[in-house]
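Structure assessment
So you can see what is in the structure, the chains are spelled out below.
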There are 2 protein chains.
Amino acid sequence: MSTHPFDDALELEQLGDGRFRGRTTAPYNNMVGPFGGVTAAILVRAIELHPDRLGDPVSLTVNFAGPVAEGPFDIHARPVRTNRSNQHWYLELSQDGTIATTATAVFGTRRETWDDIESAPPVVPSADEVERAGLPDFIAWAQNYEMRFHAGALDETGSADSVATLWVRDSPPRPLDHVALTSMTDIFYPRVFQRRGQYLPAGTISLTIHYFATAEDLAAHGDAHVLATAHARRFHRGYFDQSAELWSASGELLATGHQVVYYKG
Amino acid sequence: MSTHPFDDALELEQLGDGRFRGRTTAPYNNMVGPFGGVTAAILVRAIELHPDRLGDPVSLTVNFAGPVAEGPFDIHARPVRTNRSNQHWYLELSQDGTIATTATAVFGTRRETWDDIESAPPVVPSADEVERAGLPDFIAWAQNYEMRFHAGALDETGSADSVATLWVRDSPPRPLDHVALTSMTDIFYPRVFQRRGQYLPAGTISLTIHYFATAEDLAAHGDAHVLATAHARRFHRGYFDQSAELWSASGELLATGHQVVYYKG
């Protein structure tokens, strides 16, 4: 059985003392450098592999400080503080000694509590009723996702709003886990493209993910489609925001992603 | 002219090499330790005071790793990478060598771009039409804010939703700047109290702020009220989220705050 391209992209050599060596892989390239979602996932994977890790992801913030070049990179993951039920991390990803990406993460164990899902998913037809349509071939990473757009498919017409809503899963399908969920929060092309109907210089500066789904929740989800929706609130003097929600077909909020994106034009 | 209590709380002694010494102040105490919003603001202030600082805040993530005790604390602020138009920071706040808080921040300069405010503020009466009502006296920090609740005033009845919407400004009034805006993203008491109609053990684990307002925008805002709204999406096994928007009376989105909060019960 061959390795899934996503798992191949997340391969890390463990050098000990919180140090890891990875490399970019062609299937997850973006227009310049690797897809940010996979970079975020690799940072989560580094923590998962760390011998001192406690629990599962609760939150993650990744700051894209500079470009990641194709080729090898180094990760240093440091557990800054470990409490009884949660753990705080700081990570740096560097190439040839230059820091390209920083991140903080909170991992934790979960307990039984009063629970409620207050928000509601967008109302859309089921995944098999929506036609498959992805991003153009030159966006390599997107070819590794099955995308079925209900709203916000990439075109060059411009749009009155920035809302994108689609069913998505890995292609080929792969059981959902925290690393896959991490990457999926970043599958939305920059919302400014949708509003303006054209490609513009744009790139994520900072991505924050809040994880609701536990490992058990994800095991129950399997390789089913995820309902993903995102929108921007404001575009102002070179930066806009983009908030995303990832839902299961049964109406469970799995994770949210909130990012700031740099743009010109 | 006496110093505003907020500015007093943000006083930092500059020790050089990115090191600062501050201390908690009684007016901004929370039930245990200082109000998280002020801790976040102090971290922004440390960057603002750093001689290498470039531009103004674009994003900030603060991870509350452990309690901050009343008394002095140390901050170390490190510019991890400086680009042409933005700068990435990592910060640690510690007491007696134990890390209590970590943060990453992106600062940057702004440029003229195509701009748009896509989201809309909640529709509410003007600030002077809403009665002033705050949090109970034993929540010290809240006495330093003038709060006029349109929805979500703290009571013990429980609520079908977690939406809180209020007009807020510093008390006494103080011109809005990035540090004040930082603190205001955290003025919402834990959304689980509103849903459940009771106090429960709860505390912010991670707070991410995205700044839209530039220094010029804030200068134009002055000491006017801010329209603040927040809600939770999901409460699940010990953690819930809380997303906040801060608006000007003229309908400009000034900043957003997205946090993960730990809870029991």
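Residues numbered from 1 in each chain as written. Chains lettered and ligands numbered in written order. Predicted model: local features only at pLDDT ≥ 70, side-chain atom pairs only at ≥ 80, totals over all residues. Heavy atoms only, no water.

- With an unreviewed UniProt entry as reference, chain A is termed Thioesterase family protein, source organism Rhodococcoides kroppenstedtii.

**Description of the pattern of salt bridges**
- For the coordinates displayed, the defined rule picks out 32 salt bridges over all chains.
- Between Glu118(B) and Arg195(A) there is a salt bridge; the shortest N-O distance is 2.9 Å. Here the residue Glu118(B) occupies a position in the loop between β7 (116-117) and β8 (145-151), and Arg195(A) occupies one in helix α4 (residues 191-196), the pair thus bridging two chains.
- The partly exposed category is assigned to Glu118(B), whose relative accessible area is 21%.
- Looking at Arg195(A), the relative accessible area reads 13%, which means it is buried. (Salt bridge = Lys/Arg side-chain N within 4 Å of Asp/Glu carboxyl O. Helix = DSSP H or I, 4+ residues; strand = E, 2+ residues; numbered from the N terminus. Buried < 20%, exposed > 50% of the residue type's maximum accessible area, 1.4 Å probe, protein only.)

**With respect to a nonpolar patch on the surface**
- Among the surface-exposed residues, Met31(A), Val32(A), Phe138(A) and Tyr199(A) lie close enough to one another that they form a single nonpolar patch of about 430 Å² accessible area.
- Position of Phe138(A) relative to the elements: it lies in the loop between β7 (116-117) and β8 (145-151). (Patch = residues over 30% accessible without salt bridge, like charges linked within 9 Å, V, L, I, M, F, W, Y side chains within 5 Å. Areas by Shrake-Rupley, 256 points an atom, 1.4 Å probe, with all protein chains shown as cover.)

**Concerning unusual backbone geometry**
- Omega for the bond connecting Ser171(A) with Pro172(A) falls within 30 degrees of zero, at 0 degrees, which places this linkage in the cis form.
- One can find Pro172(A) in the loop between β9 (164-170) and α3 (178-184).
- For Asp17(B), which is not a glycine, the phi torsion comes out positive at approximately 60 degrees.
- By the element assignment, Asp17(B) lies in the loop between β1 (13-16) and β2 (19-23).
- Its relative accessible area of 69% is what places Asp17(B) among the exposed residues.
- We note that Asp96(B) has phi near 50 degrees; this positive angle belongs to a residue other than glycine.
- Note on placement: Asp96(B) falls in the loop between β5 (86-95) and β6 (98-108).

**Quick word on the relation of the copies chain A and chain B**
- With an axial shift of 0.0 Å and an RMSD of 0.0 Å, the rotation relating chain A to chain B amounts to 180 degrees. Expressed as an axis order, the relation between the two copies is that of a two-fold axis.
- Here 100% of the contact residues of chain A are again contact residues in chain B; the copies associate through an equivalent surface. (Least-squares fit on C-alpha atoms with pLDDT ≥ 70 in both. Contact = heavy atoms within 4.5 Å.)

**What about the interface of chain A and chain B?**
- Listed per partner, the contact involves 72 residues of chain A and 72 residues of chain B.
- When chain A packs against chain B, the two sides together hide about 6,400 Å² of surface, and 50% of this comes from carbon and sulfur.
- When residues of chain A are sorted by the area they lose upon contact with chain B, Trp114(A), Arg233(A) and Arg237(A) head the list and together hold 14% of the total.
- One can count 14 salt bridges joining chain A with chain B.
- Our count for the contact surface shared by chain A and chain B stands at 49 residue pairs in polar contact (both at pLDDT 80 or more).
- Residues that form the side of chain A that touches chain B fall into these classes: 22 nonpolar, 28 polar and 22 charged.
- In the sheet, β7(A) pairs with strand β12 (residues 234-236) of chain B via two bridges, with the strands oriented antiparallel. Looking at β12(B), one finds that Ile117(A) is bridged to Arg234(B). (Buried area = accessible area lost by both parts, 1.4 Å probe. Polar contact = N/O pair within 3.5 Å; in protein donor to acceptor, adjacent residues only side chain to side chain. Nonpolar A, V, L, I, M, F, W, Y, C, P; charged D, E, K, R; others polar. Pairing = 2+ DSSP bridges.)

**Comments concerning the packing of aromatic side chains**
- For the structure shown, the criterion picks out 25 aromatic pairs over all chains.
- Here Phe235(A) and Trp114(B) contribute two aromatic rings whose centre-to-centre distance is 5.1 Å and whose plane-to-plane angle is 55 degrees, an arrangement assigned as tilted. With Phe235(A) in strand β12 (residues 234-236) and Trp114(B) in the loop between β6 and β7, this pair bridges two chains.
- Centre to centre, the rings of Phe193(B) and Tyr199(B) are 5.2 Å apart; their planes meet at 70 degrees, and the pair counts as edge-to-face. (Phe/Tyr/Trp six-rings, centres within 6.5 Å; stacked < 30°, edge-to-face > 60°.)

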